[in-house]
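# Fold and geometry: a report
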Amino acid sequence: MNLAKYIIRRAIFATFVLLSVMTITFVLSHGLGGDPIYSWLGKAAGLHPELAAAYAAKYHLRDPVYVQYYYYLVGLSQGNLGYSPSRNFLPVVQVIGQTLPFTLQIGFFAILMTLIIGILLGVIAARYNHTPIDVAIRAVYMAGYGSPPFFVGLVLLIVLTFQFGLLPSGGAFDPNLVQPSWITGIPMIDSLLEGNFQYFASALVHVILPSTALAICFFGVVTRVLRSSMLEIMHANYIRTARAKGLDEGTIFFKHGLRHALMPIVSLSSLIVTWIITGTIFVENIFSYPGMGRYLVQALNGQDYPGILGTTIVYVLVIVSSTLVADVLYAVVDPQVRLG
Amino acid sequence: MAQVKPKSHVSSRALGLLTKNPETILGLIVVVTFVLTAVIVTVSNLLGLQITPYDPLQQNVGVSLAAPSWAHLFGCDFLGRDVFSRVILSIPNDVLVSFCVVGVAVVVGALIGALAGFKGGLLDELLMRFTDVIFSLPVLVIAMVIAVALGPGLIHMTVAMVVIWWPPYARMARGETLRVAHQNFIEAARFAGQKTTSILFKHVLPNISITMLVYATLDVGTIILVYAGLSYLGLSVRPPQPDLGEMISSSQDYLITAPWLPIIPGLIIAIIVIGFSVLGDGMRDVLEAR
């Protein structure tokens, strides 16, 4: 199978996944939960039945699920995900537009740190395997793996913020600074483009804790896989040949060993992306970071179906598209994959 | 080629290999303690006995936010409830949810995977594409939506997770079935005129069960982590019933005055998860050494 065919097949599959998620989520969130009008309007719904009826009619709340789904799909085709009662009935698309950039900021730094810490410790563990250093590294990543992200986040908050006052406890930036204007939509990139380094520094300081919390939880997978693939490769014949040629250990280890040992990490990347994106939901809530995870939890608590549905679709879109990119990259680096 | 050996021989040798690794023994101790605690708590609850030092639901404002001491091993929460007693009472939740999810996922996955692998053709294609779709859904987000739709509760939590948990088992079962299906003893059973279902249950499934058991052991830890997340978001038990995730989220306002309140339940979760994954690692090493 050639590469283009492979990419098309993966893209069709990704679309199919997205469609089924939409349907499942829609039916679930509309079919089973009771009448949401009370949590939308509060006491007003009871005091003014005509208001409740008007809202119900406007948002098609009393229609059968499939009719509601039809309206939802029509709206979606026009780029409209509905209106969010937990955010004063703002359009869901608008709220996601405000929150998604912050989630992407955390996600980017968390993935970056996961890879840096994971690869670094994996290399060290392989270099010094079966020594106390190797054992210590295993103990550290097991501890990280076993801890839920929100727990790691709280511990970091207790130690680094409340005990030592090193980093801010929450938020995404210092609100007293000049805010960057809208260029790409992602505040950290925009501030760099504008030369607003003060804002960038503040945003960077605010993103450290949440992304470190996620990196601590997830770097272990990278370390573990890299360590074992590194050990396996260092016993391969071509490494023996390189040694026989008289190359020095450092060149062999990094140039011949590490480069090949990194391959399995590429195949892991979609898994890591999925974990980190779902992990942002927790750390955003702990560090009051104004991303999509905070919005989702608000929507969950307020029976805000359009909000739940919209964020779920965007989460799945982010995850499915990054998985697609990872799979295609993997197929580019390793032609064997395309045969499967 | 893996041969079917007499069962007792395999298990006694496997047990010998397992207990050689101190890490695995540690994991085994954690897992056994965890399960035993759950059983004892459940039985005593059914009998109406209180085995915890204090009533886990009893509020006592006098000792609100008390630090850990001999009287209150893990301290007291903001309502003066004994945290140790609450931790003990929440252990059965994790055992129930994780074992149910993994159990149902193994059974459903094994059946789907074995059927797809054994029958092949269109059925295989349909079942595996369906599995692929479910497999690529983000577990936590979907479980969250299902949990919200069903409302809080342990059983609802279990259902929400089971729905999306089985695909890896189906893939594993299919792969193993394909591997086993062409071995002589299966061909022999087929020529002997046995029905597909009886071959599946008598010959194929027992052969794939060990691989699945190892994966399931590793998986329990992941389930407990996801469950803790759902519970942290307030989707599990209803207050005042305790749960480890809920204990962390409800103590978030006391990070400065009583940091042990979120730390202790978090450590318990971590110890349980690490216990299962260390045990699973040990089991996998034994399996690979075979």
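First things first, this report covers the structure right here in the doc. (Residues numbered from 1 in each chain as written. Chains lettered and ligands numbered in written order. Predicted model: local features only at pLDDT ≥ 70, side-chain atom pairs only at ≥ 80, totals over all residues. Heavy atoms only, no water.)

Structurally, A:Thr274 is set in helix H13 (residues 263–286). Exposure remark for A:Thr274: the relative accessible area of 18% places this residue in the buried category. Polar contacts involving the side chain of A:Thr274 include one to the main-chain carbonyl oxygen of A:Ser270, which spans 2.7 Å. Dropping the residues within four chain positions of it, A:Thr274 is found in contact with A:Ile319 and B:Pro138. (Helix = DSSP H or I, 4+ residues; strand = E, 2+ residues; numbered from the N terminus. Buried < 20%, exposed > 50% of the residue type's maximum accessible area, 1.4 Å probe, protein only. Polar contact = N/O pair within 3.5 Å; in protein donor to acceptor, adjacent residues only side chain to side chain. Contact = heavy atoms within 4.5 Å.)

Right, let's get into the packing of helix H9 (residues 187–194) of chain A against helix H10 (residues 197–234) of chain A. Residues and elements named next belong to chain A. The geometry of H9 relative to H10 is characterised by a closest axis approach of 8 Å and an angle of 155 degrees between their N-to-C directions. Put simply, H9 runs roughly antiparallel to H10. Pair H9 / H10 crosses with left-handed handedness. Residues Pro187, Met188, Ser191 and Leu192 of H9 touch H10, and the partners they reach there are Phe197, Tyr199, Phe200, Ala203 and Leu204. The class makeup of the residues in the contact of H9 with H10 is 8 nonpolar, 1 polar and no charged. (Axes fitted to C-alpha atoms, helices over the stretch in contact; angles between N-to-C directions. Parallel < 35°, antiparallel > 145°, perpendicular 65-115°, else oblique. Left-handed = near helix turned anticlockwise from the far one by under 90°. Nonpolar A, V, L, I, M, F, W, Y, C, P; charged D, E, K, R; others polar.)

Between chain B and chain A, the contact holds 40 residues from the first and 38 residues from the second. For the pair chain B and chain A, the two sides together bury roughly 3,300 Å², of which 82% comes from carbon and sulfur. Linking chain B with chain A are 3 salt bridges, by the criterion used here. With a closest N to O distance of 3.2 Å, B:Asp281 and A:Arg138 form a salt bridge. Counting across the chain B and chain A interface gives 4 residue pairs in polar contact (both at pLDDT 80 or more). (Buried area = accessible area lost by both parts, 1.4 Å probe. Salt bridge = Lys/Arg side-chain N within 4 Å of Asp/Glu carboxyl O.)

Let's shift gears to the side chain of B:Asp94. All names here are of chain B. Mapped onto the fold, Asp94 is located in helix H3 (residues 83–119). Summary of buried charges: Asp94 has no salt-bridge partner, and the nearest side chain of opposite charge, Arg86, is 12 Å away. Filtering out sequence-adjacent residues up to four positions away, Asp94 remains in contact with Phe34, Ile224, Tyr227, Asp243 and Leu244. (Lys, Arg positive; Asp, Glu negative; His and termini not counted.)

Take helix H12 (residues 249–261) of chain A next. Residues and elements named next belong to chain A. Among the residues of H12, those classed as buried are Ile252, Phe253, Gly257, Leu258 and Ala261. Mapping the buried residues of H12 onto a view down its axis gives an arc of 140 degrees, with all of them on the same face. Along H12, the residues that are exposed and aim more than 90 degrees away from the buried face are Lys255 and Arg259. Residues of H12 that are buried in the fold lie against helix H6 (92–127), H10, helix H11 (237–244) and H13. (Arc of directions from axis to C-beta.)

All names here are of chain B. A surface patch of nonpolar side chains, amounting to about 430 Å² of accessible area, comprises Leu28, Val32, Leu36, Ile40 and Ile51. With respect to the element layout, Ile40 can be found in helix H2 (residues 22–47). Residue classification places Ile40 among the partly exposed positions, given a relative accessible area of 47%. (Patch = residues over 30% accessible without salt bridge, like charges linked within 9 Å, V, L, I, M, F, W, Y side chains within 5 Å. Areas by Shrake-Rupley, 256 points an atom, 1.4 Å probe, with all protein chains shown as cover.)

Once that is clear, we can look at unusual backbone geometry. Residue and element names in this part refer to chain A. Positive phi outside glycine occurs at Asn88, with the angle close to 55 degrees. Looking at the element boundaries, Asn88 is found in the loop between strand E1 (83–84) and strand E2 (90–91). Although it is not a glycine, Ser288 adopts a positive phi angle of roughly 40 degrees. Along the chain, Ser288 falls in the loop between H13 and helix H14 (292–301). Judged by relative accessible area, which is 34%, Ser288 ranks as partly exposed.

Considering all chains together, one arrives at 13 salt bridges over all chains under this definition. The salt bridge partner of B:Asp124 is B:Arg174, with a shortest N-O separation of 2.7 Å. With B:Asp124 in helix H4 (residues 121–135) and B:Arg174 in helix H7 (residues 167–181), this pair connects stretches of sequence that are 50 residues apart. Within the structure, one salt-bridge network assembled from shared partners comprises A:Arg138, A:Arg224, B:Glu23, B:Asp281 and B:Arg284.

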